[in-house]
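# An overview of the molecular structure
Listed below, chain by chain, are the residues.
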Amino acid sequence: MEGTCSGGKDVVHKCHSDPGSAVAEREEGDDDLRASVARGRSTSTRVKSSSRHCPSGTSSRKCILTLDGYSYVIVASPPDHRVTKDDSSLTHTSPGRNGQLSKQGSLTIVRRSSTKKNQNHSGTVAGCPSSSSFADDEVLDAVDLDTDNLPAVDTPDACDKAAIRLRCLLRQLQRGEISAELLQKNLHYAARVLEAVFIDETKRLADDDDELSEVQPDAVPPEVREWLASTFTRQLATTRRKSDEKPKFRSVAHAIRAGIFVDRIYRRVSNTALMQFPPDVVRVLKTLDEWSFDVFALSDAACSQPVKYLGYDLLNRYGMIHKFKVPPVTLETFLSRVEEGYCRHKNPYHNNLHAADVAQTVHYMLCQTGLMNWLTDLEIFATLVAAIIHDYEHTGTTNNFHVMSGTETALLYNDRAVLENHHISASFRVMKDEECNILQNLSREEFREFRTLVIDMVLATDMSFHFQQLKNMKNLLTLAEPSVDKSKALSLVLHCCDISHPAKRWDLHHRWTMLLLEEFFRQGDKERELGLPFSPLCDRNNTLVAESQIGFIEFIVEPSMAVCSDMLESILGPIHSTCKPSDGAQQSISEDAEIDRAKNGSTSSPKRSLKFKIKKPWTACLGENKKSWKEQAARDAELRAQQQQEQSDGAVTTEE
């Protein structure tokens with residue numbers, strides 16, 4: 001029988017004795033059984049064998065095995081054996097290849113019937129395993145640990161297969177029968193199954209959990225908590241994001257691109273044959289690589305056109321104009337139109353200065369962290385354009401205001417990411433104009449990828465997605481080998497840059513804060529006129545400025561920058577491990593390693609524990625700004641106490 005198995009592997013057949021149920025049989029169980037028979041192992045304690053005499057004078061041998069509650073009939077036929085009526089009652093055989101009889105003999109396996117159907121209420125039948133026995137000896141004996149025929153890790157059947165294989169591994173480890181190669185192979189499969197289950201469960205929980213759980217009730221004043229909850233959560237939203245697609249990674253010649261970039265980044269823009277820059281603008285743009293770039297100084301030097309000059313400079317520095325054949329005149333016209341759209345509503349905060357500030361901060365993330373080395377040229381192009389247009393034609397009011405007041409924009413976008421949808425739609429309408437079409441030389445595939453990336457990134461700036469976005473990324477980074485989707489990574493980067501002004505130098509941050517509050521107060525004035533309740537922080541006569549900024553830093557900005565930093569280090573670590581880091585990066589790594597060694601009391605060489613880390617200039621700024629706001633909050637509280645005391649004394653005097 002062993003000879004028949006090894007000689008006739010190609011003609012092993014299997015069928016089911018129950019009519020019409022062949023589709024329902026368990027392919028994996030049959031494969032394991034067939035592999036067990038091929039190795040000559042006993043797969044069951046119940047084996048019967050007999051021989052039959054055929055009219056042709058040759059004989060067939062059969063044996064019956066009971067495995068996991070099923071009875072299998074194995075018929076071994078010699079070469080040129082023709083099926084008789086008696087044989088057909090046992091099994092269905094098929095001819096060899098091309099309809100000819102097999103010259104090597106055949107081995108036919110038939111699953112006759114399931115004895116599980118005859119089990120009583122106690123779940124036991126003589127000679128059959130109980131349904132409550134998950135992995136008995138018969139099942140474990142039939143497991144082929146060496147097979148590659150396993151279900152995909154994200155299918156329901158994978159959990160069952162992984163559990164059985166783990167139990168089989170445990171038993172063979174106890175017996176000392178398992179090789180290191182098989183152990184590693186099966187443990188790796190089980191680990192991938194567990195990771196797939198973890199990711200699915202994380203997504204389910206993230207979709208259901210959209211509360212402001214990070215903020216304790218007594219951590220901030222009620223008004224500040226209400227603002228955080230209404231701005232950074234989706235309390236009334238019912239939408240669900242589509243399933244994450246598997247990330248697509250492309251090889252990036254980061255060393256070559258970095259060399260080209262360094263060559264371009266210090267080139268004086270005024271010397272190029274492209275758009276001419278005023279000398280004062282060129283002078284300010286020399287500091288473009290600094291974290292706390294002064295966009296207000298750029299606006300003054302550029303005659304209130306910061307988007308036009310900064311956007312043009314960035315796209316030129318990264319080589320996008322040449323790479324995607326963007327006509328310089330078309331780019332200049334496009335940026336001028338975008339700048340006009342930002343100034344249309346004369347907002348104190350969401351204007352062209354904010355667009356330029358966010359675009360510069362994105363540039364810092366791309367250049368100074370090395371993120372550009374992970375991206376293709378098209379992805380860099382999409383990221384820069386998304387930063388430039390992310391608040392195009394902002395109305396100076398929140399999404400909630402549009403919904404509550406029933407504006408045409410809210411009706412158009414069904415109360416879902418009202419402003420973000422408009423920013424995207426209106427920007428692409430501008431690019432449809434021939435004079436502004438900076439995408440005119442992209443291929444159809446490039447345009448589709450570009451548009452998809454821009455849409456994903458700008459929609460992610462909707463503050464109501466904040467906590468869900470951070471939670472998903474944090475959970476992903478806890479995996480042993482996280483694979484970060486580029487669209488989600490860039491979306492988080494743009495979102496963090498959009499709310500990064502509290503992480504800049506104090507004078508810049510304080511100026512941005514006053515402008516934002518004035519915009520909030522103007523919305524409050526509109527709400528008063530419309531008879532609507534005040535949105536949080538929009539009542540100019542009753543707003544705790546310092547406390548709101550402390551809460552914003554502690555519960556929004558600091559956690560966002562921390563997660564973004566962890567994500568960038570996870571993404572860029574493998575890239576930097578394959579090339580020599582720059583002096584600044586190497587110094588940062590060495591200093592961190594030295595600190596870790598000092599804390600742990602280790603005397604080992606730091607080279608073995610080096611971990612890539614990016615520079616984080618925002619950490620110091622956040623700490624200093626929070627300290628300043630706390631000092632301001634203490635002064636404001638003292639002033640309010642004095643005013644209340646004066647009012648109380650005045651009331652007493654009046655009564656007397």
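The paragraphs below set out a description of the structure included in this document.

Parameters at a glance
Residues numbered from 1 in each chain as written. Predicted model: local features only at pLDDT ≥ 70, side-chain atom pairs only at ≥ 80, totals over all residues. Heavy atoms only, no water. Helix = DSSP H or I, 4+ residues; strand = E, 2+ residues; numbered from the N terminus. Buried < 20%, exposed > 50% of the residue type's maximum accessible area, 1.4 Å probe, protein only. Contact = heavy atoms within 4.5 Å. Areas by Shrake-Rupley, 256 points an atom, 1.4 Å probe, with all protein chains shown as cover. Expected span 1.5 Å × (residues − 1). Lys, Arg positive; Asp, Glu negative; His and termini not counted. Salt bridge = Lys/Arg side-chain N within 4 Å of Asp/Glu carboxyl O. Phe/Tyr/Trp six-rings, centres within 6.5 Å; stacked < 30°, edge-to-face > 60°. Polar contact = N/O pair within 3.5 Å; in protein donor to acceptor, adjacent residues only side chain to side chain. Axes fitted to C-alpha atoms, helices over the stretch in contact; angles between N-to-C directions. Nonpolar A, V, L, I, M, F, W, Y, C, P; charged D, E, K, R; others polar. Parallel < 35°, antiparallel > 145°, perpendicular 65-115°, else oblique. Left-handed = near helix turned anticlockwise from the far one by under 90°. Core = buried A, V, L, I, M, F, W, Y, C linked by side-chain atoms within 4.5 Å.

This part is about the overall build of the protein. Along the protein, the regular secondary structure elements total 25 helices and five strands. Put simply, the protein has 656 residues, and 48% of those count as buried. For the protein, the proportion of contacts with a sequence separation of at least 24, taken over those separated by at least 6, is 73%. When the accessible surface of the protein is split by element, carbon and sulfur atoms take 51% of a total near 33800 Å².

What follows is about helix α14 (residues 352-368). For α14, built from 17 residues, the straight-helix expectation of 24 Å at 1.5 Å per residue is met to within 8% by its first-to-last C-alpha distance of 24 Å. With 16 of 17 residues buried, α14 lies mostly within the body of the structure.

A separate point is the environment of S491. Topologically, S491 is positioned in helix α21 (residues 486-498). Considered as a pair, S491 and Q469 are 22 residues apart in the sequence and their alpha carbons are 9.1 Å apart.

Position of E527 relative to the elements: it lies in helix α22 (residues 506-530). With no salt bridge to any partner, buried E527 finds its closest opposite charge in R528, at an N-O distance of 8.7 Å. Leave out the neighbours within four places in its chain, and E527 touches F401, L532, P533, F534, S535 and C538.

On to the packing of aromatic side chains, then. Scanning all chains against the criterion turns up 11 aromatic pairs. Consider the rings of F296 and W512, whose centres lie 4.7 Å apart with planes at 40 degrees: the pair is tilted. Within this pair, whereas F296 is found in helix α10 (residues 295-301), its partner W512 is found in helix α22, the two being separated by 216 residues in sequence. Like F296, the residue W512 is buried in the burial classification. Here the aromatic cluster, defined as three or more aromatic residues joined through ring pairs, consists of F277, Y309 and Y312.

With respect to the helices, strands and loops of the structure, E569 is situated in helix α23 (residues 545-577). Judged by relative accessible area, which is 8%, E569 ranks as buried. From its side chain, E569 meets the backbone nitrogen of I614 in a polar contact 3.3 Å long.

Another aspect to go through is the pattern of salt bridges. By the definition in use, this model includes 18 salt bridges. Notably, a salt bridge pairs R640 with E547, separated by 3.6 Å at the nearest N-O pair. Of this pair, R640 sits in helix α25 (residues 617-655) while E547 sits in helix α23; the two residues are 93 residues apart in sequence, bridging distant segments of the chain. With a relative accessible area of 32%, R640 lands in the partly exposed category. Between K626 and E554 there is a salt bridge, with its nearest N and O atoms 3.9 Å apart. Of this pair, K626 sits in helix α25 while E554 is found in helix α23, placing the two residues 72 residues apart along the sequence. Under the relative-accessibility criterion, K626 is labelled buried at 16%. Counted as one network, the salt bridges with shared partners bring together E518, R522, D525, R528 and R540.

Interhelical geometry of helix α13 (residues 328-343) versus helix α15 (residues 377-389) gives an angle of 35 degrees and a closest axis separation of 10 Å. Residues F334, L335, V338 and Y342 of α13 lie in contact with α15, whose contacting residues are A387, I388 and I389. Grouping the amino acids of the contact of α13 with α15 by side-chain chemistry returns seven nonpolar, no polar and no charged.

Closest axis-to-axis distance for the helix α11 (residues 306-317)/α13 pair is 8 Å, and the angle between their directions is 140 degrees. Here α13 runs oblique to α11, going by the angle between their axes. The way α11 lies across α13 gives a crossing that is right-handed. Contacts from P306, V307, K308, G311, Y312 and L315 of α11 reach α13 at P328, L331, E332, L335, S336, V338 and E339. Looking at the contact of α11 with α13 residue by residue, the classes come out as eight nonpolar, two polar and three charged.

Turning our attention to unusual backbone geometry. Even without being a glycine, C303 presents a positive backbone phi close to 55 degrees. Along the chain, C303 falls in the loop between α10 and α11. Phi is positive for A417, close to 45 degrees, though the residue is something other than glycine. Looking at the element boundaries, A417 is found in the loop between α17 (408-412) and α18 (418-432).

Turning next to the nonpolar core. Buried together is how nonpolar side chains tend to be arranged in soluble globular proteins. Counting residues in hydrophobic clusters, the biggest one holds 118 residues, and the most contacted among them are F334, F381, F450 and M567. Looking at which element gives the most residues to this core, the answer is α23, with 14 residues. With residues near it in sequence (within four places) discarded, M567 still touches M473, L477, V484, A489, L492 and V493. Counting eight residues, the second largest nonpolar core, distinct from the first, contains V139, L140, C168 and L169.

For α21, which comprises 13 residues, the first-to-last C-alpha distance of 18 Å matches the rise-based estimate of 18 Å (1.5 Å per residue) to within 8%. When you tally the buried positions in α21, you get 12 out of 13 residues, the bulk of the element. If you follow the buried residues of α21, they end up packed against α14, α15, α19 (444-459), α20 (466-477) and α23. The backbone nitrogen of S487 lies 3.1 Å from a side-chain oxygen of the residue at the head of α21, namely D485.

Within the secondary structure layout, C497 lies in helix α21. Taking the relative accessible area as the measure of exposure, C497 reaches 1% and is therefore buried. The spatial distance from the C-alpha of C497 to the C-alpha of V557 is 9.8 Å, given a sequence separation of 60 residues.

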